[in-house]
Amino acid sequence: MLLVALLLVPLATAAAAFFARRRAAMEAVNLAGFAAVFVVAGVLAVRVLANGTVSLGNGFFYADALSALVILLTASVALVCSTYSIGYLRDDQQSGALGDDASGMEQIAQFRMYYTLTPLFVFSMLFMAVANNLGVMWAAMEVTTLASIFLVTFYGKVTSLEAAWKYAIIGGVGLSMALFGTLVAYYAGHRLAGSEALSGLNWSVLAQRAAQLDKTSMRLAFVLILLGYGTKAGLAPMHTWKPDAYSEAPVPSAALLSTALLNCALYGLIRFYILASRCLGAEYPSRLLLLFGLLSMGVSVPFVLVQKNYRRLLAYHTIDHAGIMATALGLGGPLGWLGLMLHMTFHTIAKSLLFLCAGNVSQHFRTDLFSRIKGSVIRAMPLTGVVFLMAMLAIIGMPPFSLFQSEFLILRAAFAGGHVLAGVLFVLFSTGVFTGALLHVGGMILGPGGDTAVAARRPWRDGSVLALAAALVVIGFWIPAPLFELIRGAARVVGGQ
Amino acid sequence: MTERMMTRLIENAAQLFLLLVLAPLVTGVIRALKARLQTRRGPGILQPYRDLRKLFRKGMVIPETASWIFAATPWVVFFSTLLAGLMIPMVAAEAPLGLFGGVLAVIYLLGLGRFFLALSGLDSGSSFGGLGSSREMTISALAEPAMMLAIFTVAIGAGSTGLTEIAGAAIGQNWRFLAPAQMFAFAALALVLIAETGRIPVDNPDTHLELTMIHEAMILEYSGPYLALLEWAVSIKQLVLMTLLINCFWPIGLQPTWFGFGALQGIGWLLAKLLFLSCAIVLLETVNAKMRLFRVPELLAVAFTLGSLALVSTFLF
Amino acid sequence: MLMMPFINLQLGDRIVTLMAALVLVLQIAMVSQRWIVIHIRIFAAQSLFLAMIAATIAWFNHAPHLYVAAALTLVVKVILVPILFERLVKRMEIHEEIEPIVNVPLSVVIAGGLTLVGYVVAASFYRPDEPGLGHNALAVAISLFLIGFFTMINRRKALTQVLALLSLENGLFLAAISLTYGMPLIVELGVFFDVLVAAMVLGILVYRIRETFESVDVSRLRRLRG
């Protein structure tokens, strides 16, 4: 019931937006829909905290603390982005970014596409989090790609098409590898009793029998899944689609892509990690995860240092954080898992805030390059400037912001587990990214700058930004107990209890 | 003379006769079928015989700059092809002549003929001859490895490179041609057959345009009896390769010996299979256009890959 | 009577092996092909053979749910997707592929090498004691996967890349059949639905690329760097 509602609401929202005639109707439907999703997600979280797991349909739907956390995060970002996108798209229509169109019909069509695809996108991510069957999980992941391709081409520019093509092809190949991995995982378990039925691919069932699965197959399966879902998460070397897609998509979509989709891809990875570590022991999967995680962190450093475009900077930053989370998963141990879950939560809030601020800047200055902005942000848009800077400080791990806590936990996990080299590399790469990001963004926000008009009032956008900023600040100091319990529960799931 | 040697002699003579007589017939049938498919009336089936008789009676024109190679080539080509032909099983599973190396000897004999032909093309001193020779050598450099790989596959399956053994091994198992190794080898050999006999899409046997001719360019300077010998040798080579293809993979109807009623049955099966293969060749020629010369390596690369896959899959399957 | 199932299995195995070999030949043919329409038809033929393999296994190995998979393959990959793409090609009026990055003879040889790699990988899965299919079909499946991947990197026309991606999925389908007699039905349905929608989405993208760039040469998509 609850899970079904969770899935039906976004579907209904998409349908309603598709059939709506006026832009205001679409906006209202979206807002209402995502608010409802947020409420349902909250209720689900409470239910999971009370009962441990929620399942439906003979195990077809399954939600434990990990799922509930991912769902809650997805729902929150979706809600904030939907409020933001109201103001954002209105501004785009006024400024002509959607193309000149006398009758407005084409613009309505574009709005319709955005307001229909976004709930579908969110639906597929939620579906992935509640699906128990690994194959259905894969199918949901594929739907996320298909739904988001046309979000990337929203502006119809030459560069948007290029970005969407790269996304489609690289994502397609990655997902094929993930399908192969799913298939091999199925094969690993197919000689056990009862595996022909649908439940043979159910995660909960496989997790219970993990010790009896065929080891060679599980090894191959894990590598394929890491390559496959890692492509969607943006781990190097499969990351090349990210900068293009994030800089071309509309800002709210980019925010969703970089937080909610990243979380879902990591969710898939974590599910398989649990299976693999129970079957093969933690060493083999950990080593692979550390390799890809540290590689992603390392690859992002040079690109962040010499970046000229702040949207692409955020993309490489996301690649860096995907690497951090993969590293945390690889380091393991109760510290590592808790650090991972905390980081996932904080990163979601901070990164979406960064994207929204970047959207404000981009719409006001009409450029994506640092060189053209040169420090005028603080004068032209004081609120955005302050929040942007604060979010940037938060995400690079400055105390007292929350990400400092999670990264510190991960570092402790590294040294506690004896992965000294990993710890050292972690610090090195984080410093590199921190320096580059702060230098570029700081220079963009503060500084002498030229003469620019002060931006007009933007209720929807500024409101969303403020709300998210408040959440970020509050969470830095005090995490509400139920949320922390949820995070702890998720960490325990990862650890295999 | 022992009984054995007598049998051998008779077998050789019979196969010799069959080769000499059947080869122009096959060429004639292919031309007639092609004409029919193109809704022309075309020359009759016996036209190649008439052409040979005409050419043997004509006088010869020999270039002044030609050396002894020019005169020797038609004989070398003719006899090497005949020798190769005597080594393959046509009617009986047992080949009349068994030289050291079996199928390798066949390939090398054919190669010898090609070598001399290329030399004579250069020898005549005309630019067309050199052009033809270089093109022919390019194609054969790619086609021969493919052919060897395919043949080795078949030989490994039979446990020997002797063609008698190969045909004998093929007779025993009926479903063997369903095995992927055999299929790949067959496909590779079929592609090589097209290249070696100079058929569309590799080479057009009817053209005399500078841009398109390969084989015709090499023999452009020949006339009279020499030309007759060369044309005959080409038909015999075509027959030899076709029979090799047929009898290695579909040895239905191969008789144990040449004698008795079985021989007639064997000839009948051979003719039927040749007809079937000729129809396939004609169909292929009519449906496709001639490939540009530098696209031919692509086709032969496919043949090469198929051949190597065939060889490797005997170990893997 | 006891021998009958055994002989049947043998025959079924041989037929499947034969068709798997044909599928492999078609994949190699795709590597050497230039004309896009022929690419589409080779893909359709390959999917037809896959459907027949699924049906054969369903018959001989008593796995009736594979009939559904075979029917789905037939409808989606043999009929719908090729028709979709042929219409797209006609509308866009592109016909020939330009020279790939690695020239054709070399890429055919590389494809042969990848087939060997596929065999080696499949050999590690082969368990002689297990009843059921031999490892031939699995080896072909992995080869299809690898060759499809290579073709995607090697070719420059967008539509050819999409077809290579689809042939990669064909390889996965064959692997699924030969390893585990297919996956649970709902998963198969989900996968086929995804394939169909992905083909449509990619087709639309290719069309828009063509409109914007006046060509479908993806090596021209170079504006986003760094």
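For every chain, the first residue of the written sequence is number 1, and numbering continues from 1 onward in sequence order. Here every chain gets a letter starting at A, and every ligand a number starting at 1, in the order they are written. Where totals are concerned, whole chains, interfaces and linings use all residues; where local detail is concerned, this predicted model gives features only for residues with pLDDT of at least 70, and gives and counts side-chain atom pairs only at 80 or more. In computing side-chain properties, one takes all heavy atoms of the structure into account and sets aside hydrogens as well as water.

Asker: Before we move on, could you go through the packing of helix 12 (residues 310-331) of chain A against helix 13 (residues 333-365) of chain A and cite the residues and values that matter?
Answerer: Residues and elements named next belong to chain A. Helix axes are fitted only over the stretch in contact, all axes being lines through C-alpha atoms; the angle between N-to-C directions runs from 0 to 180 degrees. Numbering of helices and strands runs from the N terminus; a helix is a DSSP stretch of H or I covering at least four residues, while a strand is a stretch of E covering at least two. Where helix 12 contacts helix 13, the axes come no closer than 9 Å and their chain directions differ by 170 degrees. Of the possible angle classes, the one that applies to helix 12 and helix 13 is roughly antiparallel. Think of it as three bins: nonpolar holds Ala, Val, Leu, Ile, Met, Phe, Trp, Tyr, Cys and Pro, charged holds Asp, Glu, Lys and Arg, and polar takes everything else, Gly as well. When its residues are assigned to classes, the contact of helix 12 with helix 13 shows 14 nonpolar, eight polar and two charged. Should an angle lie under 35 degrees it is considered roughly parallel, over 145 roughly antiparallel, and from 65 to 115 roughly perpendicular; all remaining angles are considered oblique.

Asker: Go over the interface of chain C and chain A with me, naming the residues and quoting the values.
Answerer: Whether two residues are in contact is decided by their heavy atoms: any pair within 4.5 Å suffices. Each partner contributes residues to the interface: chain C has 44 residues there, and chain A has 47 residues. Using a 1.4 Å probe, buried area is obtained as the accessible area two parts lose upon being combined, added over both of them. The junction of chain C with chain A conceals about 4100 Å² of combined surface from both sides, 76% of it contributed by carbon and sulfur atoms. What counts as a salt bridge is simple: a side-chain nitrogen of Lys or Arg found within 4 Å of a carboxyl oxygen of Asp or Glu. Inspection of the region where chain C meets chain A yields zero salt bridges. Pairing of N or O atoms within 3.5 Å defines a polar contact, subject to two protein rules: one partner must be a possible hydrogen donor and the other a possible acceptor, and residues neighboring in sequence count only if both atoms are side-chain atoms. Scanning the region where chain C abuts chain A turns up one residue pair in polar contact (both at pLDDT 80 or more). Ranked by residue count, the leading element in the side of chain C that touches chain A is helix 7 (residues 185-213) of chain C, at 16 residues. A per-class count over the side of chain C that touches chain A returns 30 nonpolar, six polar and eight charged.

Asker: Please provide a residue-by-residue account of unusual backbone geometry, values included.
Answerer: Excluding glycine, residues mostly carry a negative phi; peptide bonds, for their part, are mostly trans. Following Ala236 of chain A, the chain continues to Pro237 of chain A via a peptide bond in cis, the omega torsion being 0 degrees. If you trace the backbone, Pro237 of chain A turns up in the loop between helix 8 (215-233) and helix 9 (241-248). Residue Pro201 of chain B follows Ile200 of chain B across a cis peptide bond; omega there is 5 degrees. Note that Pro201 of chain B resides in the loop between helix 7 (180-196) and helix 8 (215-218). Even without glycine at this site, Arg366 of chain A takes up a positive phi of about 55 degrees.

Asker: An account of the packing of aromatic side chains is requested, with residue identities and associated values reported.
Answerer: Residue and element names in this part refer to chain A. Side-chain rings of Phe, Tyr and Trp, where Trp is taken by its six-membered ring, are said to pair if the distance between their centres is within 6.5 Å; with planes under 30 degrees apart they count as stacked, over 60 as edge-to-face, and otherwise as tilted. Overall, the coordinates contain 26 aromatic pairs over all chains when judged by the stated rule. Ring geometry for Phe123 against Phe127: centres 5.7 Å apart, planes inclined by 45 degrees, an arrangement best described as tilted. Placement of the pair is Phe123 and Phe127 together in helix 4 (residues 105-130), with a separation of four residues, close to one helical turn. Seen in terms of ring centroids, Tyr246 and Phe355 are 5.8 Å apart; in terms of plane orientation they differ by 80 degrees. Their pairing is edge-to-face. Taken together, the residues span a long stretch of sequence, with Tyr246 in helix 9 and Phe355 in helix 13 at a distance of 109 residues. In terms of burial, Tyr246 and Phe355 fall into one category: buried. Linked through ring pairs, Phe111, Tyr114, Tyr115, Phe154 and Tyr155 together constitute an aromatic cluster. By definition, being over a ring means that NZ of Lys or CZ of Arg is both within 6 Å of the ring centre and within 35 degrees of the ring normal. Just above the ring of Tyr284 sits the side chain of Arg219; from NZ or CZ to the centre is 5.6 Å. Over the ring of Trp203 we find Arg271, and its NZ or CZ is 4.2 Å from the ring centre. With a 1.4 Å probe rolled over the protein chains alone, any residue whose accessible area is under 20% of its type maximum counts as buried; one over 50% counts as exposed, and the rest are partly exposed.

Asker: I'd like a rundown of the arrangement of the chains, residues and numbers included.
Answerer: In this assembly two pairs of chains touch, with chains A and C having more contacts than any other pair. With no contact formed, the shortest span from any C-alpha in chain A to any C-alpha in chain B equals 21 Å.

Asker: Which residues make up the nonpolar core, and what values go with them?
Answerer: Membership of the largest hydrophobic core comes to 367 residues, with the highest contact counts inside it found for Trp165, Met218, Tyr229 and Met341 of chain A together with Phe85 of chain C. The greatest single-element share of this core, amounting to 21 residues, is contributed by helix 10 (residues 251-280) of chain A. The contacts of Phe85 of chain C, once residues within four sequence positions are left out, are Ile40, Leu159, Val162, Leu163, Leu166, Ala199 and Gly203 of chain C. Nine residue types can take part in a nonpolar core, namely buried Ala, Val, Leu, Ile, Met, Phe, Trp, Tyr and Cys, and a core is a set of them joined through side-chain atoms within 4.5 Å.

Asker: So what's going on with the interface of chain B and chain C? Which residues, and what values?
Answerer: Interface extent is often summarised as the accessible area lost during association of the parts. Contacts between the two partners involve 17 residues from chain B and, on the opposite side, 21 residues from chain C. Both sides together, the interface formed by chain B and chain C hides about 1800 Å², and carbon and sulfur atoms give 80% of it. Counting across the interface, chain B meets chain C through one salt bridge. Note that Glu298 of chain B and Arg34 of chain C form a salt bridge whose closest N and O atoms lie 2.7 Å from each other. The interface formed by chain B and chain C includes two residue pairs in polar contact (both at pLDDT 80 or more). Elements with a minimum of two residues in the side of chain B that touches chain C: helix 7 and helix 11 (296-316) of chain B.

Asker: Mind laying out the pattern of salt bridges, listing which residues take part and the relevant values?
Answerer: Applying the stated criterion across every chain, the model contains 17 salt bridges over all chains. Note that Arg90 of chain A is salt-bridged to Glu27 of chain A, the shortest N-O span being 2.8 Å. A residue pair is termed long-range when its members are at least 10 positions apart, and Arg90 of chain A in helix 3 (residues 65-95) and Glu27 of chain A in helix 2 (residues 23-51) qualify at 63 residues. Accessibility expressed as a relative area gives 30% for Arg90 of chain A, which makes it partly exposed. Notably, a salt bridge pairs Glu485 of chain A with Arg492 of chain A, separated by 3.8 Å at the nearest N-O pair. For Glu485 of chain A, a relative accessible area of 33% gives the class partly exposed. Within this structure, Arg114, Glu136, Glu144, Glu196 and Lys237 of chain B form a network of salt bridges that share partners.

Asker: How would you summarise a nonpolar patch on the surface if you had to cite specific residues and measurements?
Answerer: All names here are of chain C. Together, Leu48, Met52, Leu74, Val75, Ile79, Leu80 and Ile83 make up an exposed nonpolar region whose accessible area comes to about 540 Å². Mapped onto the secondary structure, Ile83 falls in helix 3 (residues 65-92). Classification of Ile83 as partly exposed rests on a relative accessible area of 45%. Candidate patch residues must exceed 30% relative accessible area and have no salt bridge, after which like charges are joined if within 9 Å and Val, Leu, Ile, Met, Phe, Trp or Tyr side chains if within 5 Å. Here the Shrake-Rupley method, with its probe set to 1.4 Å, supplies the accessible areas, and only the displayed protein chains count as covering residues.

Asker: Report on the packing of helix 5 (residues 136-154) of chain C against helix 6 (residues 158-180) of chain C, specifying residues and quantitative values.
Answerer: All names here are of chain C. Two numbers describe how helix 5 lies on helix 6: the axes approach to 8 Å, and their chain directions differ by 165 degrees. Between helix 5 and helix 6, the angle is such that the two are roughly antiparallel. Handedness of the crossing formed by helix 5 with helix 6: left-handed. Packed against helix 5, whose contacting residues are Ala137, Leu138, Val140, Ala141, Leu144, Phe145, Gly148, Phe149, Thr151 and Met152, the element helix 6 presents Gln161, Ala164, Leu165, Ser167, Leu168, Asn170, Gly171, Leu172, Leu174, Ala175, Ser178 and Leu179 at the interface. Looking at the contact of helix 5 with helix 6, its residues break down into 15 nonpolar, seven polar and no charged. Left-handed describes a crossing whose near helix is turned anticlockwise from the far helix by less than a right angle; the clockwise case is right-handed.

Asker: Outline the environment of Leu48 of chain C, listing residues and values.
Answerer: With respect to the helices, strands and loops of the structure, Leu48 of chain C is situated in helix 2 (residues 36-60). Linking Leu48 of chain C and Arg91 of chain C, residues 43 residues apart in sequence, is a C-alpha distance of 25 Å.

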